[in-house]
There are 2 protein chains.
Amino acid sequence: MRIYLAGPEVFLADAAAIAAAKRAICAAHGLIGVFPLDPPPAAPDPALPDWLRIYWANEAHIRGCDALIANLTPFRGPSADAGTVYELGFMRALGRPVFGYSNIAQRFAQRTLAALGGHARRRADGAWEDGEGMAVEEFDRHDNLMLEGGIAAAGGSFEAAEMPPEARWHDLSAFARCVAAAAQALGVPQASSTSSA
Amino acid sequence: MRIYLAGPEVFLADAAAIAAAKRAICAAHGLIGVFPLDPPPAAPDPALPDWLRIYWANEAHIRGCDALIANLTPFRGPSADAGTVYELGFMRALGRPVFGYSNIAQRFAQRTLAALGGHARRRADGAWEDGEGMAVEEFDRHDNLMLEGGIAAAGGSFEAAEMPPEARWHDLSAFARCVAAAAQALGVPQASSTSSA
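About the criteria used
Residues numbered from 1 in each chain as written. Chains lettered and ligands numbered in written order. Predicted model: local features only at pLDDT ≥ 70, side-chain atom pairs only at ≥ 80, totals over all residues. Heavy atoms only, no water. 1 Å grid on protein atoms, 1.4 Å probe; cavity = no way out; pocket = protein on both sides within 12 Å on 5 of 7 lines; lining within 4 Å. Points joined across faces, edges and corners; volume = space filled by probe spheres on them. Helix = DSSP H or I, 4+ residues; strand = E, 2+ residues; numbered from the N terminus. Disulfide = S-S within 2.5 Å. Pairing = 2+ DSSP bridges. Axes fitted to C-alpha atoms, helices over the stretch in contact; angles between N-to-C directions. Contact = heavy atoms within 4.5 Å. Buried < 20%, exposed > 50% of the residue type's maximum accessible area, 1.4 Å probe, protein only. Right-handed = clockwise from strand over helix to strand, strands pointing away. Expected span 1.5 Å × (residues − 1). Phe/Tyr/Trp six-rings, centres within 6.5 Å; stacked < 30°, edge-to-face > 60°. Lys NZ or Arg CZ within 6 Å of the ring centre and 35° of its normal.

Moving on, we get to empty space enclosed by the protein. Tallied over the full model, the rule gives three cavities of 30 Å³ or more. Estimates place the volume of the largest cavity at around 210 Å³. What lines the largest cavity is a set of 20 residues, and nearest its centre among them are A:Ser79, A:Ala80, B:Phe75, B:Ser79 and B:Ala80. Elements represented by at least two residues in the lining of the largest cavity include exactly helix H3 (82-93) of chain A together with helix H3 (82-93) of chain B. Roughly 40 Å³ of volume is contained in the second largest cavity. The wall of the second largest cavity is formed by A:Phe11, A:Phe75, A:Arg76, A:Asp81, A:Ala82, B:Ser79, B:Phe108, B:Ala135, B:Glu137, B:Asp143 and B:Asn144.

Shown next, in the form of structure tokens:
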């Protein structure tokens, strides 16, 4: 079984090392991890511009996988990386299991209010809104409700951990819990307790 | 033909007025606009928590539509609203046409660098990265390449306009261009030039 490893780690200088570490955790659970930067199943049209070839490669990777694990750690704002979120929605629509994790555990409303700083204000009904008059989502979720909603609808799970900033993009403990959950959901036989200890 | 109107306008206090204005533009092009806050085709399980009932309602709306137009105006950071991006990926995976627009025209790399302020730095190869060592995407696109990639893959189009801040969440000229493109892509007969003038 193949798992698509969605996340903004593609932007790290040591993306290849993270990919290898994630693949190793998948392999320990009997799964094949597929990183966005891996060679795609079929080479996209070389006449296309770089960005569109990358798009088609990632779409082909997702279609070729049995499940997806998304790194939903907030990225340059209160929400997760846009590319990762797109891929989460894409895989959910394919009807396959999706999982998510974050190395920041604070909830969406609190992160959003912190990011807005002094620009948040109360509406007459008590709800928070930003300086442009747009409400702050307060459902005690990790991010916009569509993300955890899709994970729940797909029978997946969401794992959060509170990591210090220097470990935020490299710690894989929450990711490993997602891999274990994915292996179980996909019915992959697990290694014996001796070898996995 | 039904068009799902994805976007963060659901967070506006006057969301109902925006929904009505968008529906009217759709109707002028022979299309039925479906707003996320519309009553869903089937009522979600009332035993579910609010956030999950909203998720299921939106997913049902998307499944019941023939195309999607996403408001990808940057939302509280360099990228579009996460819920909207999720829905864009979802509809693309269903294989139906998707369109997008933004009322901020500045490109993703420039917006990201502006948001990072003094925290951006150059790698040895000249590429920009943020203070956490993550590269700034520089493909001269509107947002993460997966968003416009999905729109291009689906045969849709992306429309950008530069609106002043006070018109950012209410101007519908770029949206109207998407509706016209969607009507054409879906083969909806257009009103005569007299009545549409």
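Turning next to the state of the cysteines. Residue and element names in this part refer to chain B. In this structure the tally under the stated criterion is zero disulfides over all chains. Cysteine Cys26 remains unbridged, with the sulfur of Cys65 as its closest cysteine sulfur at 9.6 Å. Not part of a disulfide, Cys178 finds its nearest cysteine sulfur in Cys26, a span of 10 Å.

All names here are of chain A. Ordered by their spatial adjacency, five strands build an open sheet running E2-E1-E3-E4-E7, and the pairing between neighbours is parallel. On the outer flanks of this sheet lie strand E2 (32-34) and strand E7 (158-160), each paired with one strand and no other. Each neighbouring strand pair of the sheet contributes to a mean axis angle of 20°, computed without reference to strand direction. Bridge analysis of strand E1 (residues 2-6) against E2 gives three bridges, and the strand direction is parallel. If you follow Arg2 over to E2, its bridge partner there is Ile32. The strands touched by helix H5 (residues 145-153) are strand E4 (98-102) and E7; relative to E4, the strand with the most contacts, the crossing angle is about 135°.

Before going further, it helps to examine the pairing of E1(A). Along any regular strand, the residues point their side chains to alternate faces of the sheet. All names here are of chain A. Summarising burial for E1: four of the five residues are buried, a large majority. A crossover links E1 with its parallel partner E2, the connecting element being helix H1 (residues 15-28), and its sense is right-handed. Across four bridges, E1 lies against strand E3 (residues 67-71) in parallel orientation. Paired with Ile3 across the strands is Ala67, a residue of E3.

We now examine H3(B). All names here are of chain B. With twelve residues, H3 ought to run about 16 Å at 1.5 Å a step, and its terminal C-alpha atoms sit 17 Å apart, in line with that. Of the positions making up H3, those classed as buried are Ala82, Gly83, Thr84, Val85, Tyr86, Glu87, Leu88, Gly89, Phe90, Met91, Arg92 and Ala93. Backbone geometry just downstream of H3 places Gly95 in the positive-phi region, at approximately 85°.

We now examine the pairing of strand E4 (residues 98-102) of chain B. Residues and elements named next belong to chain B. Among the five residues of E4, five are classified as buried, and the element is accordingly described as predominantly covered. The alternating pattern of E4 places Val98, Gly100 and Ser102 on one face and Phe99 and Tyr101 on the opposite face, and all of these are buried. The pairing of strand E3 (residues 67-71) with E4 spans four bridges and is classified as parallel. Within E4, the position partnered with Ala70 by the bridge is Gly100. What joins E3 to E4 is H3, and the crossover it makes is right-handed. Here E4 pairs with strand E7 (residues 158-160) via three bridges, running parallel. Among the inter-strand pairings, Tyr101 is bridged to a residue of E7, identified as Glu159.

Here we take up the sheet that holds E7(B). Residues and elements named next belong to chain B. Reading across the sheet, the five strands line up as E2-E1-E3-E4-E7 and stay open at both edges, with parallel pairing between neighbours. Two strands lie at the open edges of the sheet, namely strand E2 (32-34) and E7, each paired on one side alone. Across the sheet, the axes of successive neighbouring strands diverge by a mean angle of 20°, strand direction being ignored. Strand contacts of helix H5 (residues 145-153): E4 and E7, with the helix running at about 135° to E4, the strand carrying the most contacts.

A few words on the packing of aromatic side chains. The description of an aromatic ring pair rests on the distance of the ring centres and on the angle between the ring planes. All names here are of chain A. Per the counting criterion, the structure on display carries twelve aromatic pairs over all chains. Judged by centre distance (6.1 Å) and plane angle (85°), the ring pair of Phe75 and Trp169 falls under edge-to-face. Of this pair, Phe75 sits in the loop between E3 and H3 while Trp169 is found in the loop between E7 and helix H6 (173-185), placing the two residues 94 residues apart along the sequence. Each member of the pair, Phe75 as well as Trp169, is classed as buried. Through pairs of rings, three or more aromatic residues link up here, namely Tyr55, Trp56, Tyr86 and Phe90. One residue, Lys22, lies across the ring of Phe175, its end atom 4.6 Å from the ring centre.

Honestly, it's all geometry; don't read function into it.
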